[in-house]
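Okay, here's what each chain looks like letter by letter:
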Amino acid sequence: LAKLCEKWAEGMALLEDDGSELYIMAKAADIQFSACLNQVRFYRARSAGDTAAMKAMAEKELENAKEMLALMNRSPFIGFEAANHYYFSKGELADKIVNSKYILDNL
């Protein structure tokens, strides 16, 4: 996951935020990949008792959720997959923001 995120970031650096669907979709994928990696790192930090690392991952996830919510407001395609209906919704991202703040306040 770390290597995927690193290589994806290199690709994102080649794109500019021109408002195109290509950029928006690539950025949404970037956030999804990053969220997966952050979750793994959070669990590992929790197992190790490393609250500083847990807090760092919660902060990253708070930013990811805010950024994904902004992308969803720019494109109706973000979060939607026709066969499964909505994979995630704006409400679920709002919950993630609240939960991330709760984690940060209670670590």
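Residues numbered from 1 in each chain as written. Predicted model: local features only at pLDDT ≥ 70, side-chain atom pairs only at ≥ 80, totals over all residues. Heavy atoms only, no water.

1. Focus: the pattern of salt bridges
Working step 1: With the rule as written, the count across this model stands at 5 salt bridges.
Working step 2: Between Lys-96 and Glu-61 there is a salt bridge, and its shortest N-O distance comes to 2.4 Å. Separated by 35 residues along the polypeptide, Lys-96 in helix α4 (residues 90–106) and Glu-61 in helix α3 (residues 51–74) bring together distant segments of the chain.
Working step 3: Residues joined in a network through salt bridges with shared partners are Lys-27, Asp-30 and Glu-67. (Salt bridge = Lys/Arg side-chain N within 4 Å of Asp/Glu carboxyl O. Helix = DSSP H or I, 4+ residues; strand = E, 2+ residues; numbered from the N terminus.)

2. Thoughts on the nonpolar core
Most often, soluble globular proteins keep nonpolar side chains buried together rather than apart.
Working step 1: By size, the foremost hydrophobic cluster in this structure holds 14 residues, and its most contacted members are Ala-28, Met-68, Leu-71, Met-72, Ile-78, Phe-88 and Leu-93.
Working step 2: Among the elements of the structure, α2 (21–48), α3 and α4 are those that each provide at least two residues to this core.
Working step 3: Excluding its chain neighbours within four sequence positions, the residues that come into contact with Phe-88 are Gln-32, Met-68, Met-72, Ile-78, Gly-79 and Leu-93. (Core = buried A, V, L, I, M, F, W, Y, C linked by side-chain atoms within 4.5 Å. Buried < 20%, exposed > 50% of the residue type's maximum accessible area, 1.4 Å probe, protein only. Contact = heavy atoms within 4.5 Å.)

3. Digging into α3
Residues spaced three or four apart along an α-helix face the same direction, because each turn holds 3.6 residues.
Working step 1: An ideal rise of 1.5 Å per residue puts 34 Å on 24 residues; α3 measures up with 35 Å between its terminal C-alpha atoms.
Working step 2: For α3, the complete set of buried residues consists of Met-54, Met-57, Ala-58, Glu-61, Leu-62, Asn-64, Ala-65, Met-68, Leu-71 and Met-72.
Working step 3: Packed against the buried residues of α3 are α2 and α4.
Working step 4: Of the residues that open α3, the one with a side-chain oxygen 3.3 Å from the backbone nitrogen of Ala-52 is Asp-50. (Expected span 1.5 Å × (residues − 1). Polar contact = N/O pair within 3.5 Å; in protein donor to acceptor, adjacent residues only side chain to side chain.)

4. Overview of the environment of Ser-47
Working step 1: Here Ser-47 lies in helix α2.
Working step 2: Residue Ser-47 is classed as exposed on the basis of its relative accessible area, which comes to 68%.
Working step 3: Expressed as a C-alpha distance, the spacing of Ser-47 and Trp-8, which sit 39 residues apart in the sequence, is 28 Å.

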